[in-house]
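# Working through the structure, step by step
Spelled out, the chains give:
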Amino acid sequence: MSTSAPLWLNATDSGMPLVMGILNVTPDSFSDGGQFERKDKALERALQMVEEGANIIDVGGESTRPGAQQVSAAEEIDRVVGVVELIRARSAIPVSVDTSKPEVMTAAARAGASMINDVRALRSPGALAAAAATDLPVCLMHMQGEPRTMQANPEYDDVIAEVRDFLLERADVCIANGIPRQHIVLDPGFGFGKSLQHNVALLQQLGSLVDRGYPVIAGLSRKSMIGALLKDLERDRLLGSVTLALYAWRQGAHIVRVHDVGQTVEALQVEAALKSA
Ligand code: PT1
């Protein structure tokens, strides 16, 4: 049996990358008010990103930024599922769910999610089987270590080869477990157990990942590597984020994961217009 990639995951006519808008549903986002108000604000933000031109909304209930602690599956389901249902009821936009937990994958798929985005590349116990059972596309991301400690001392002999080999091996494991090749998306995991030098090398050689035939996601938005490149960790990262999204597209990224959807889309549109002129 052959499975084709879902239509929404195919490249756009203009060759523009798909824009994945970030929707954090951790308690520190949309903080004032109770849980109903919080979910309502999350929905509002999602619909705003749709208006601004997002192609995918990535809903995340577990923070995986450097230093973050894990949460329970029940807590994560409570944060994520209601929001996925609300978006599903109001928009046809594909929703990906940023999770490593099998219980969350199953619940999110039932709520209408269109993709599983796992920063642990389905290595958690039960995650591979749960993801395969959903029949959804999966994003496999590279991370060295765990969020709480990953930035302490990241080390590689050859960061490009190690990240690429890890991702291709995880893709093979997925395929062996019944996930169709056309449902697999790869992500080098910028900022996940990587120094500035590692992140820059990965971005400059993104092509060596892209040329394996899987769509590639680049998540660079507002990350500390922008502060490091600017030699100013306190500066606003909007312009740096838009610049990196454009750069990632030039390096062949198929999907850019961003907070600032409208501004990113505007920049990509200008470049797309130049390319086709
Ligand atoms: C990402 C990503 C993600 N990033 C995918 N999912 C985060 N597929 C969450 C910093 O250095 O790139 N790809 N889910 C957010 N993680 C981080 C990591 C946020 C590092 C900030 C930093 O500031």
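Above this note sits the structure.
The structure reproduced in this document is the subject of the present report. (Residues numbered from 1 in each chain as written. Predicted model: local features only at pLDDT ≥ 70, side-chain atom pairs only at ≥ 80, totals over all residues. Heavy atoms only, no water.)

Spatial strand order, β6-β5-β4-β3-β2-β1-β8-β7: 8 strands in an open sheet with parallel pairing. Each end of this open sheet is capped by a strand with a single partner; those strands are β6 (184–187) and β7 (217–219). If you compare each strand with its neighbour and ignore which way they point, the axes differ by 25° on average. The pairing of β7 with strand β8 (residues 255–258) spans 3 bridges and is classified as parallel. Bridging from a neighbouring strand, A218 pairs with V256 of β8. (Pairing = 2+ DSSP bridges. Helix = DSSP H or I, 4+ residues; strand = E, 2+ residues; numbered from the N terminus. Axes fitted to C-alpha atoms, helices over the stretch in contact; angles between N-to-C directions.)

Considering all chains together, one arrives at 3 cavities of 30 Å³ or more under this definition. Put simply, the largest cavity is a space of about 100 Å³. Around the largest cavity sit V25, T26, S29, F30, Q35, R38, K39, A42, E75, D78, R79 and V83, which together line it. Among the secondary structure elements, those contributing two or more residues to the lining of the largest cavity are α1 (35–51) and α2 (73–90). Tallied by class, residues from the lining of the largest cavity come to 4 nonpolar, 3 polar and 5 charged. Of the pockets and cavities examined, the second largest cavity occupies roughly 60 Å³. Lining the second largest cavity, in full, are I160, V163, R164, P188, L202, Q205, L206, S208 and L209. (1 Å grid on protein atoms, 1.4 Å probe; cavity = no way out; pocket = protein on both sides within 12 Å on 5 of 7 lines; lining within 4 Å. Points joined across faces, edges and corners; volume = space filled by probe spheres on them. Nonpolar A, V, L, I, M, F, W, Y, C, P; charged D, E, K, R; others polar.)

Here we come to the packing of aromatic side chains. Where two aromatic rings form a pair, the distance of their centres and the angle of their planes describe that pair. A complete count under the given rule lists 0 aromatic pairs for this structure. Stacked on the ring of W249, the Lys or Arg K275 has its end atom at 4.1 Å from the ring centre. (Phe/Tyr/Trp six-rings, centres within 6.5 Å; stacked < 30°, edge-to-face > 60°. Lys NZ or Arg CZ within 6 Å of the ring centre and 35° of its normal.)

This paragraph deals with the nonpolar core. L23, I87, L122 and L140 are the most contacted members of the largest nonpolar core, which has 74 residues in total. Among the elements that take part in this core, helix α5 (residues 159–176) stands out by supplying 8 residues, more than any other. Setting aside chain neighbours within four positions, we find L140 in contact with D118, A121, L122, L167, R170, A171, C174, I184, V185, L186 and D187. (Core = buried A, V, L, I, M, F, W, Y, C linked by side-chain atoms within 4.5 Å. Buried < 20%, exposed > 50% of the residue type's maximum accessible area, 1.4 Å probe, protein only. Contact = heavy atoms within 4.5 Å.)

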